[in-house]
Amino acid sequence: MTADPYTPMTPEQVRLLRDRLHTQGKKLVFTNGVFDILHAGHVRYLNEARALGDAMVIALNSDASVRELKGPTRPVNHENDRAEVLAALRAVDAVVVFGDKRATALIETIQPHIYAKGGDYTVDSLNPEERAALDSVGAEIHILPLVPGRSTTSTIQRMTSDASKGRLRLGVLGSGEGSNFRAILAAITSGQLEADVAVAISDVADSKFLQTARSAGIPAIHVDPGSHPKRFGEAAQKEVADHLQRARVDVVVLIGFMRILKEPTLSQYSGRIVNVHPSLLPKHKGANAPQLAIEAEDCESGCTVHLVTAEIDAGRILAQASVPILPGDTPEILHSRIKEQEHRLLPRVLSEWKKHVSAI
Ligand code: GAR
């Protein structure tokens, strides 16, 4: 037996649903979007949005309006199929298809209790017309963050890139904040960096770095360094190498990895391990580089992306960016200014990897 395809609701039917909920003291959540190729980022966003109320309706852009918004090659999936897939999700109670560029008229008809929007918006940067409609129906507005590393555009790019075999598989090692890692993920999502993070490895089990990997759906591995605060023993070195090999990593990226990487990885990935360091190497190698730059009364500092060899912070320099040291700078202030440059420099070096490799 085959089930009938889903029939999207009309705005009037959704309004009846809203009114029924209202009389029960319950709330209808409304969100809108294209939802062309569903990925885990959508699912998590929709679950979060649904949790704001008691039922949720999705206003789905019609095929014609998607073409207007995203160009002639989109959507990949027809509006009825997109509606059917969405309606099958646990978080979704109703789908309504709309053809206008804006959801204003729909908001006015449905009068949702809660409006959820994903992404880089703030309440003030919402479309003024939609915002006015929401205010006039008294809807609460919630902006929910998007899940890093997931987007329909990056999924399509991965599927259609004729170099899909040529995409770099990155193995990323970090111990701390993971801000450079997030910059890499953002560059992948935007299509600036044609790569995939195949594995993320850390010596710190509860690091933000590993949390970022987990929430982006990337295999996140903690390698136990043992009890010594600095050493990374033979067993740990071997475990890292095994994970990198198993994940078929092409390039190893060290971002704030506070242990020294040794054999067998150094040989297995010779010329294919990069590190980002917060100084203009060869100045201020090792730990606390921003502090060393201030103590040395340098007038500028910066960051270096370089190849990793057995000698610490001494491998071939691939790229550098400088920042001024300003009066009153503390090591923390200077470091955050340096990091802004790192977030640009590291994805750029990786996106130009083939050029760098041929120059080695
Ligand atoms: C970065 O600034 C990186 O240059 C530095 O650790 C920070 C990691 O930040 N690395 C070193 O000092 C290595 N000697 P993040 O975890 O936010 O990316």
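Residues numbered from 1 in each chain as written. Predicted model: local features only at pLDDT ≥ 70, side-chain atom pairs only at ≥ 80, totals over all residues. Heavy atoms only, no water.

The name an unreviewed UniProt entry assigns to the chain is Phosphoribosylglycinamide formyltransferase, from the organism Prosthecobacter debontii. As stated in UniProt under Sequence similarities (unreviewed entry), the record for the chain gives "Belongs to the GART family." Note on the chain: under the UniProt heading Catalytic activity (unreviewed entry), the record states "N(1)-(5-phospho-beta-D-ribosyl)glycinamide + (6R)-10-formyltetrahydrofolate = N(2)-formyl-N(1)-(5-phospho-beta-D-ribosyl)glycinamide + (6S)-5,6,7,8-tetrahydrofolate + H(+)". (UniProt positions renumbered as here; feature names shortened; annotations may be inferred.)

Novice: Please give an account of the UniProt feature "binding site: (6R)-10-formyltetrahydrofolate" (unreviewed entry) in the chain that cites residues and values.
Specialist: In the numbering used here, UniProt assigns the feature "binding site: (6R)-10-formyltetrahydrofolate" (unreviewed entry) to Arg231, Met258, Arg259, Ile260, Leu261 and Asn275. Within the element layout of this structure, arginine 231 appears in the loop between strand 8 (220-222) and helix 10 (234-246). Relative to the helices and strands, methionine 258 resides in the loop between strand 9 (251-255) and helix 11 (265-268). Take methionine 258: its relative accessible area is 62%, and that puts it in the exposed class. (Helix = DSSP H or I, 4+ residues; strand = E, 2+ residues; numbered from the N terminus. Buried < 20%, exposed > 50% of the residue type's maximum accessible area, 1.4 Å probe, protein only.)

Novice: I'd like a description of the pattern of salt bridges, backed by residues and values.
Specialist: A complete count under the given rule lists 15 salt bridges for this structure. Among the salt bridges present, the one from arginine 167 reaches aspartate 196, with a minimum N-O distance of 2.9 Å. Linking arginine 167 in the loop between helix 7 (152-160) and strand 6 (168-174) with aspartate 196 in strand 7 (residues 195-202), this pair joins segments that are 29 residues apart in sequence. A salt bridge links arginine 337 to aspartate 329, with the nearest nitrogen and oxygen atoms 2.8 Å apart. Residue arginine 337 is classed as buried on the basis of its relative accessible area, which comes to 18%. (Salt bridge = Lys/Arg side-chain N within 4 Å of Asp/Glu carboxyl O.)

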